[in-house]
Amino acid sequence: MRMSRRRTLQTALFGALGVPLSACGTQDSDRAEPGGASTSPVAAPSAGGWRMPEETHPHELTYMSWPTRRIWSSDIRGVRADIAGIARAVAQFEPVVLLANEQDVKAARQACGSGVEVIPVAVDDLWMRDTGPTFVLGPQGIAGVDLNFNGWGNKQPHDHDGRVARAVLDDERVKRIPAPITGEGGAIEVDGVGTLMATESCLVNANRNPGKSREDIERALKTLFGVTTVIWVDGVRGHDITDYHIDALARFSAPGTVVMSTPDPQAPKDVWTAAYHQARTVLERAVDARGRKLEIVELPEPVDIGRRGKEFLASYVNYYVANGGVVMPRFGDKRADADAASIVRDLYPGRKVVQVPVDTLGEGGGGIHCATQQLPKTERTSG
């Protein structure tokens with residue numbers, strides 16, 4: 001369950017989403033939008049205002065980002081095949097908008113096909129879950145939380161990815177909420193009705209939030225995402241570039257139900273298995289925002305996958321829930337792949353489960369959820 005990111009980054013050439021970054025790069029821009037909307041930051045929401053919806057909430061579309069040769073080097077062909085496969089799978093269920101550097105737009109369009117919209121944007125890497133905005137809904141419609149992406153605690157350059165959230169919100173003409181903390185979308189998991197899970201190792205960390213206590217960060221999370229209960233697990237600090245994101249370990253499949261990436265009983269005892277057992281203990285004792293004990297569902301990790309790099313992310317839990325479907329990994333362990341699909345199908349009745357190979361993406365330490373970010377429908381249009 002280790003997640004690392006490629007260290008060398010592409011230097012991109014131009015502004016985002018057809019709009020020069022200079023037009024949306026100042027945090028306090030007050031440009032008026034049609035219909036009275038504005039891209040200027042809005043006040044931080046109260047718990048009774050904005051809320052982050054659960055991933056099963058209907059989506060307008062999914063955002064993704066195209067890998068760059070500078071980052072992925074000899075792995076570029078494989079990782080682009082993985083990302084194209086994910087994009088095509090998600091496009092079976094909802095629109096997909098993929099961001100790519102100008103020189104990569106043509107290749108991305110050819111690989112992804114006509115069902116995926118590719119737009120020019122300056123990006124550094126493919127991890128849209130972390131670099132894109134995290135959307136919230138409320139009485140005013142929709143807004144996007146900018147979590148001030150800083151390269152997972154300044155572990156790698158992020159000149160362009162640090163501006164992706166702002167650029168996406170400018171293109172969507174959606175209000176931007178500048179967070180008072182620094183983090184990533186993969187660092188949080190919500191049930192949509194008041195409960196949030198996170199790892200202390202990631203957010204309560206001086207490389208993101210120096211001088212802030214867990215209580216400070218928890219108050220910010222509650223305000224930003226409209227939650228009343230935050231469940232903290234320890235995580236693993238300093239052993240991977242993300243400092244251990246929650247979305248490779250535990251997910252809400254529904255309010256009151258948590259699905260956990262479960263290591264093989266014969267797996268070696270290391271920091272990762274220790275983190276799993278600590279989190280399992282916490283979650284078994286926890287109650288959600290409605291006072292319910294959580295049901296824990298095990299999603300066993302694959303075993304028979306041949307030789308993989310030590311940073312390979314063999315987690316089925318890093319799936320993505322789309323409109324009417326779930327896109328999840330296939331690792332080549334036929335029994336484990338089939339069992340995982342069956343478990344996920346039971347967790348999401350009525351949704352079609354699609355498995356795609358992500359071997360190169362996994363070698364880079366990430367997965368399908370890491371590479372996607374949903375734009376939810378507003379309460380007025382979601383039915």
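The preceding data block contains the structure.
Residues numbered from 1 in each chain as written. Predicted model: local features only at pLDDT ≥ 70, side-chain atom pairs only at ≥ 80, totals over all residues. Heavy atoms only, no water.

## Brief notes about the overall build of the protein
For step 1, the next point in the chain: Looking only at helices and strands, one finds 12 helices and 16 strands in the protein.
For step 2, the next point in the chain: Looking at the 383 residues of the protein, the share that counts as buried comes to 61%.
For step 3, the next point in the chain: Taking all contacts inside the protein whose residues are at least 6 apart in sequence as the whole, residues at least 24 apart take part in 77%.
For step 4, the next point in the chain: Here the protein has roughly 14700 Å² of accessible surface; of this, 48% comes from carbon and sulfur atoms. (Helix = DSSP H or I, 4+ residues; strand = E, 2+ residues; numbered from the N terminus. Buried < 20%, exposed > 50% of the residue type's maximum accessible area, 1.4 Å probe, protein only. Contact = heavy atoms within 4.5 Å. Areas by Shrake-Rupley, 256 points an atom, 1.4 Å probe, with all protein chains shown as cover.)

## Brief notes about helix α7 (residues 164-172)
For step 1, the next point in the chain: Along α7, 7 of the 9 residues are buried, which leaves the element largely enclosed by surrounding structure.
For step 2, the next point in the chain: Taken as a whole, α7 has its buried residues at Val164, Ala165, Arg166, Ala167, Val168, Leu169 and Asp170.
For step 3, the next point in the chain: Two residues or fewer past α7, Arg173 is found with a positive phi of approximately 55 degrees.

## Here we look at the sheet that holds strand β16 (residues 373-376)
For step 1, the next point in the chain: Spatially, the 4 strands line up as an open sheet ordered β3-β2-β1-β16, and their pairing is mixed. The open sheet has two free edges, formed respectively by β3 (116-120) and β16, since each of these has just one partner strand. Within this sheet the neighbouring strands show an average axis-to-axis angle of 25 degrees, counted without direction.
For step 2, the next point in the chain: Inspection of the sheet shows strand β1 (residues 59-65) paired to strand β2 (residues 96-100) by 4 bridges, in the parallel sense. Across the sheet, the residue bridging to Thr62 is Val96, located in β2.
For step 3, the next point in the chain: Sheet contacts for helix α3 (residues 76-91): β1, β2 and β3; angle to β1, the most-contacted strand, approximately 175 degrees.
For step 4, the next point in the chain: Contacts from α7 reach β1, β2 and β16 within the one sheet, and its direction differs from that of β1 by about 140 degrees. (Pairing = 2+ DSSP bridges. Axes fitted to C-alpha atoms, helices over the stretch in contact; angles between N-to-C directions.)

## Notes on the pairing of strand β9 (residues 229-233)
Regular strands place their side chains on alternate faces of the sheet.
For step 1, the next point in the chain: Counting buried residues in β9 gives 5 out of 5 residues, a clear majority hidden from the surface.
For step 2, the next point in the chain: Neither face of β9 is open: one carries Thr229, Ile231 and Val233, the other Val230 and Trp232, and all of them are buried.
For step 3, the next point in the chain: Sheet topology places strand β8 (residues 195-199) next to β9; 5 bridges connect them, and they run parallel. By the bridge assignment, Met197 is partnered in β9 with Ile231.

## Section: the sheet that holds strand β12 (residues 295-300)
Strand pairs in the sheet, formed through backbone hydrogen bonds, run parallel or antiparallel to each other.
For step 1, the next point in the chain: On the basis of which strands lie adjacent, the open sheet formed by 3 strands has the order β10-β11-β12 and mixed pairing. Edge strands, defined here as strands with exactly one partner in the open sheet, are β10 (250-254) and β12. Recorded for the sheet is a direction-independent mean angle of 35 degrees between the axes of neighbouring strands.
For step 2, the next point in the chain: With 4 bridges connecting them, β10 and strand β11 (residues 257-262) associate as antiparallel partners. Across the sheet, Arg251 pairs through a bridge with Val259, a residue of β11.
For step 3, the next point in the chain: In the packing of helix α10 (residues 271-285) onto the sheet, contacts are made with β10, β11 and β12, and the angle to β11 comes to roughly 165 degrees.
For step 4, the next point in the chain: In this fold helix α11 (residues 334-347) packs onto β10, β11 and β12, with an angle of close to 150 degrees to the strand it touches most, β12.

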